[in-house]
Amino acid sequence: MSESNNTPLLLRAARGEKVERTPVWMMRQAGRYMKIYRDLREKYPSFRDRSENPDLAIEISLQPWHAFKPDGVIMFSDILTPLPGMGIDFDIVESKGPQITDPIRTQAQVNAMTPFEPEECLPFIKTILNTLRDEVKNEGTVLGFVGAPWTLAAYAIEGKSSKNYAIIKNMAFSQPAILHSFLSNIADAIAKYVCYQIECGAQIIQMFDSWAGQLSPQDYDIFALPYQKRVIDQVKEKYPDFPLILYISGSAGVLERMGKTGVDIVSVDWSVDMLDAKKRLGKDIILQGNIDPGVLFGSHDFIKSRIIDTVKKVGDQGHILNLGHGVLVGTPEDNVRFFFETCKNVKSFL
């Protein structure tokens, strides 16, 4: 059997290999838009129970795999999952989002952080990823993910989601030494976490710096990029050929900077035209994205037209089809099914 037949399509594309068609998966493809997930949530209302109980997390991760057969199966988890292992506890409250028990505001709190040992504090991750690899086999690619240092710091310092990030920006601009110390600790922990996921069976890992788009390009260069790069450099030193994706929401102003982090793949949101993204990032960066999640509320003809437009702009090599953000709550499941089916057959429409 050839390497092409043995290695999943998405993984080959992520390695920069020539592939027979553009692979496709969706951010948040497991989640609240699916009735089967909502039914399970009724029975297990705690998000942390669902994401940290291996049986539940595996079941949820596989729900879209069984329903739609995407090319990638992403582990059901949360970017905040490693924080308790650093001594930062949190909960996720329905309709309110993450709540940090004791937000980081002082150097003393940074100094008191627990040394992060993922094997000890996150044993369920190994069970989840091992089982997903066994279930998916070589029919799809298993993805892991982590939060980037700036975004995890934003949650840990703000104490919750924010609209203006005033608390962390106050620290950044008035007490930068504290923030840099915290970001360094977070970056080293996240690098360990990425390596742990690789060792547990993840084949690609996406790093979400969801809130880095809230920074000016000048401040991105100070508070986000160096710490993204710190994570990536440590991982690449140990696993030089492992494919890494970077995603930022609202990335239009920092797109070229994302390409300088050392990642293999840049996930583009819908604020950037894919043809422009290709020109701005160059031929050495693989692109992922970037269909507006709202498109999935349109007609089938409209969904198909946007898929075709995206593929025509970026070409069928060096590209992974995805949304520009996660699937929205209320998205019709039949439209998700149609999206995947159309993506898999897009060459016949070109």
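Since the model is a prediction, treat every value here as computed from it, not as a measurement.

Reading the values: rules and limits
Residues numbered from 1 in each chain as written. Predicted model: local features only at pLDDT ≥ 70, side-chain atom pairs only at ≥ 80, totals over all residues. Heavy atoms only, no water. Helix = DSSP H or I, 4+ residues; strand = E, 2+ residues; numbered from the N terminus. Rg over C-alpha atoms; globule rule 2.2 N^0.38 Å. Buried < 20%, exposed > 50% of the residue type's maximum accessible area, 1.4 Å probe, protein only. Contact = heavy atoms within 4.5 Å. Areas by Shrake-Rupley, 256 points an atom, 1.4 Å probe, with all protein chains shown as cover. Lys, Arg positive; Asp, Glu negative; His and termini not counted. Charge placed at Lys NZ, Arg CZ, Asp CG, Glu CD. Pairing = 2+ DSSP bridges. Core = buried A, V, L, I, M, F, W, Y, C linked by side-chain atoms within 4.5 Å. Salt bridge = Lys/Arg side-chain N within 4 Å of Asp/Glu carboxyl O. Axes fitted to C-alpha atoms, helices over the stretch in contact; angles between N-to-C directions.

Peer 1: Would you mind showing me how to read the overall build of the protein chain here?
Peer 2: When its secondary structure is counted, the protein chain shows 17 helices and nine strands. A compact globule built from 350 residues would reach a C-alpha radius of gyration of about 20 Å, and the protein chain, at 19 Å, matches this within 12%. Counting only C-alpha atoms, the protein chain reaches 60 × 45 × 40 Å along its principal axes. For the protein chain, buried positions account for 55% of its 350 residues. Intrachain contacts of the protein chain at a sequence separation of at least 6 include 72% that bridge at least 24 residues. Summing over all exposed atoms, the protein chain offers an accessible surface of approximately 14400 Å²; the carbon and sulfur share of this is 49%. Side chains of the protein chain give 39 positive and 43 negative charges; the mean places of these two sets differ by 4 Å.

Peer 1: For this particular structure, what's the right way to read the pairing of strand β2 (residues 90-93)?
Peer 2: Here is the key point about a regular strand: its side chains alternate between the two faces of the sheet. Residues F90 and I92 point to one face of β2 and are all buried, whereas D91 and V93, pointing to the other face, are not buried. Inspection of the sheet shows β2 paired to strand β3 (residues 97-100) by four bridges, in the antiparallel sense. Its bridge partner being in β3, F90 is matched across the sheet by I100. Taken together, β2 and the strand that follows it, β3, pair antiparallel across an intervening segment of three residues, in which S95 is found at a positive phi of about 75°.

Peer 1: Mind showing me how you'd approach the nonpolar core here?
Peer 2: As a rule of thumb, soluble globular proteins bury nonpolar side chains together. Of all hydrophobic cores here, the largest spans 127 residues; its most connected members are L179, F182, V194, Y220 and F339. Residue contributions to this core peak at 15 residues, all from helix α11 (residues 176-200).

Peer 1: What is the right way to read the pattern of salt bridges from this model?
Peer 2: As a working rule, side chains carrying opposite charge can pair if their charged atoms are close by. Scanning the entire structure with this criterion turns up 17 salt bridges. Close ionic contact of K35 with D39 constitutes a salt bridge, the shortest N to O distance being 2.8 Å. Of this pair, K35 and D39 are both found in helix α3 (residues 35-43), four residues apart, which corresponds to roughly one turn of the helix. We classify K35 as partly exposed; its relative accessible area is 47%. A relative accessible area of 42% places D39 in the partly exposed class. The salt bridge involving E256 is made with R280; its shortest N-O contact spans 2.7 Å.

Peer 1: In this structure, what is going on with the sheet that holds strand β8 (residues 286-291)? I would like to understand it.
Peer 2: Within a sheet, neighbouring strands are paired by backbone hydrogen bonds and run either parallel or antiparallel to one another. Strand order in the open sheet made by the seven strands is β1-β4-β5-β6-β7-β8-β9, with parallel pairing throughout. With one partner strand each, in any of the chains shown, β1 (72-74) and β9 (319-323) form the two edges of the open sheet. Strand-to-strand twist of the sheet, defined as the mean angle between neighbouring strand axes without regard to direction, takes the value 25°. Where strand β5 (residues 204-208) meets strand β6 (residues 244-247), four bridges bridge the pair, whose relative direction is parallel. Pairing of F208 across the sheet is with Y247, part of β6. Set on the sheet, helix α16 (residues 300-314) makes contact with β8 and β9; between it and β8 the angle comes to about 155°.

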